[in-house]
Amino acid sequence: MAESAVRIALLFPDLLGTYGDGGNALVLERRLAWRGRAAEIVEVPAGGAVPATADVYLLGGGEDAPQIQAARELGDDGPVHAGVRAGGVLFAVCAGMQIAGHTFPGTDGAPIDGLGLLPCDTVRTDEPRAVGELLALPMATPLGDDDPGIDPALVTELTGFENHGGRTRRHDGAAALAQVEAGVGNGDGTEGVVARVGAGHVVGTYLHGPALARNPGLADQILRWIVGDDLARLTDDDTTALRAERLDAARRGNLDGVAHRTWRDRLLRRN
Ligand code: GLN
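Here we summarise the structure given alongside this text. (Residues numbered from 1 in each chain as written. Predicted model: local features only at pLDDT ≥ 70, side-chain atom pairs only at ≥ 80, totals over all residues. Heavy atoms only, no water.)

### So, the overall build of the protein chain
Regarding its fold elements, the protein chain presents 8 helices and 13 strands. Computed over the C-alpha atoms, the radius of gyration of the protein chain is 18 Å, within 12% of the 18 Å expected from 2.2 N^0.38 for a compact globule of 271 residues. Projected onto its principal axes, the C-alpha positions of the protein chain cover 65 × 45 × 40 Å. Across the 271 residues in the protein chain, those meeting the buried criterion constitute 49%. For the protein chain, the proportion of contacts with a sequence separation of at least 24, taken over those separated by at least 6, is 72%. As displayed, the protein chain has an accessible area near 12,400 Å², and 51% of this comes from carbon and sulfur atoms. Taking the average place of the 25 positive charges on the side chains of the protein chain and the average place of its 38 negative ones, the gap between the two points comes to 7 Å. (Helix = DSSP H or I, 4+ residues; strand = E, 2+ residues; numbered from the N terminus. Rg over C-alpha atoms; globule rule 2.2 N^0.38 Å. Buried < 20%, exposed > 50% of the residue type's maximum accessible area, 1.4 Å probe, protein only. Contact = heavy atoms within 4.5 Å. Areas by Shrake-Rupley, 256 points an atom, 1.4 Å probe, with all protein chains shown as cover. Lys, Arg positive; Asp, Glu negative; His and termini not counted. Charge placed at Lys NZ, Arg CZ, Asp CG, Glu CD.)

### Re helix H7 (residues 237-252)
Between its first and last C-alpha, H7 extends 23 Å over 16 residues, near the 22 Å set by a 1.5 Å rise per residue. Two residues or fewer after H7 comes Gly 253, characterised by a positive phi angle close to 50°. (Expected span 1.5 Å × (residues − 1).)

### A word on the sheet that holds strand S12 (residues 190-197)
Spatially, S2-S1-S3-S4-S13-S12-S11-S8-S9 is the arrangement adopted by the 9 strands of the open sheet, whose pairing is mixed. The sheet terminates laterally at strand S2 (39-44) and strand S9 (158-164), the two strands that pair on one side only. Going from strand to strand, the sheet's axes swing by 25° on average, the running direction of each strand aside. In terms of strand pairing, strand S1 (residues 6-11) meets S2 through 6 bridges, oriented parallel. Considered in S2, the bridge of Arg 7 is made with Glu 40. Contacts from H7 reach strand S8 (130-138), S9 and strand S11 (175-182), with the element oriented near 115° to S8. (Pairing = 2+ DSSP bridges. Axes fitted to C-alpha atoms, helices over the stretch in contact; angles between N-to-C directions.)

### Regarding the site of the ligand
Looking at the ligand, there are 14 residues lining it, with Asp 64, Cys 94, Asn 163, Gly 165 and Gly 166 nearest. Interatomic distance of 3.2 Å between a side-chain N/O atom of Arg 129 and an oxygen atom of the ligand. The contact in question runs from an oxygen atom of the ligand to an N or O atom on the backbone of Gly 166, over 2.9 Å. The protein chains hide 96% of the 300 Å² of surface that the ligand would expose on its own. For the shell around the ligand, the secondary-structure elements that each account for two or more residues are helix H2 (64-74), helix H4 (95-100) and S9. (Near = heavy atom within 4 Å. Polar contact = N/O pair within 3.5 Å; in protein donor to acceptor, adjacent residues only side chain to side chain.)

### Section: the nonpolar core
Leu 11, Leu 28, Tyr 57, Val 80, Leu 90 and Phe 91 are the most contacted members of the largest nonpolar core, which has 68 residues in total. The leading source of residues in this core is helix H6 (residues 216-227), at 6 residues. The residues touching Leu 28, leaving out its near neighbours within four places in the chain, are Ile 8, Val 56, Leu 58, Leu 212, Ala 219, Ile 222 and Leu 223. (Core = buried A, V, L, I, M, F, W, Y, C linked by side-chain atoms within 4.5 Å.)

### Thoughts on the layout of surface pockets
When its volume is computed, the largest pocket comes out at roughly 500 Å³. What lines the largest pocket is a set of 26 residues, among which Leu 154, Gly 217, Asp 220, Arg 233 and Asp 236 lie closest to the centre. Those elements that provide at least two residues to the lining of the largest pocket are H6 and H7. Class assignment for the residues of the lining of the largest pocket results in 11 nonpolar, 6 polar and 9 charged. (1 Å grid on protein atoms, 1.4 Å probe; cavity = no way out; pocket = protein on both sides within 12 Å on 5 of 7 lines; lining within 4 Å. Points joined across faces, edges and corners; volume = space filled by probe spheres on them. Nonpolar A, V, L, I, M, F, W, Y, C, P; charged D, E, K, R; others polar.)

### Looking at the state of the cysteines
Enumeration over the complete set of coordinates arrives at 0 disulfides. Of the cysteine sulfurs around Cys 120, a residue in no disulfide, the closest is that of Cys 94, at 12 Å. (Disulfide = S-S within 2.5 Å.)

Below you can see the structure in the form of structure tokens.
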């Protein structure tokens, strides 16, 4: 019997496309194609019909006002909830993660209801905006008796960049995606939230990049939840080189900022 195409729903790229997170859809589609599996990317613009039968739902980062509109359109028991409960995966980045949680701050800081799919709330604090490279070590927290959660053999050190004002508080017992090595993440030393919802999974993260291009292991973790364990290994030489360069940049931290300023000053002097 022919395997059916994996359906990837890219939600509201017109509202939540500020950071290029739509690239996560392409990464999933390519990693399936390289293994001879068909995938279909369904782009859902604001106001469009969200499918209840997608295998993967993707939400990206964006600004506060469009984020509120996206949350309102998705509601507290809509097609994404149904799709995830039936075995789908919601991968939600930054504003997307905040929306997937229970509440997040509106433009005036007052809490707005999210989807309630991730056990967390996002709040505004007086801490400065978190901007820069983010580096974190995945945490293998079981999500239930028969669900080991993130597989550390598949998902290694996570790299990306963050740009957010909100801080995310996990509910008691909620699993984090990773432990922060450099950067801010959720704001309590952890990064991201992972949850089992019905037969499906929800992963929230502050990692932009797009995250699945920088972290192919995380892409494969999502695909494994959808298509099972028989994913052929890919070589990933280019990505390994990109990761080595970005991991190094994150570890050098402030030095990177200095190098950037020096380069900019030189350019300014020339003109
Ligand atoms: N508007 C949210 C914040 O600043 C999310 C930002 C983002 O998606 N990068 O916290």
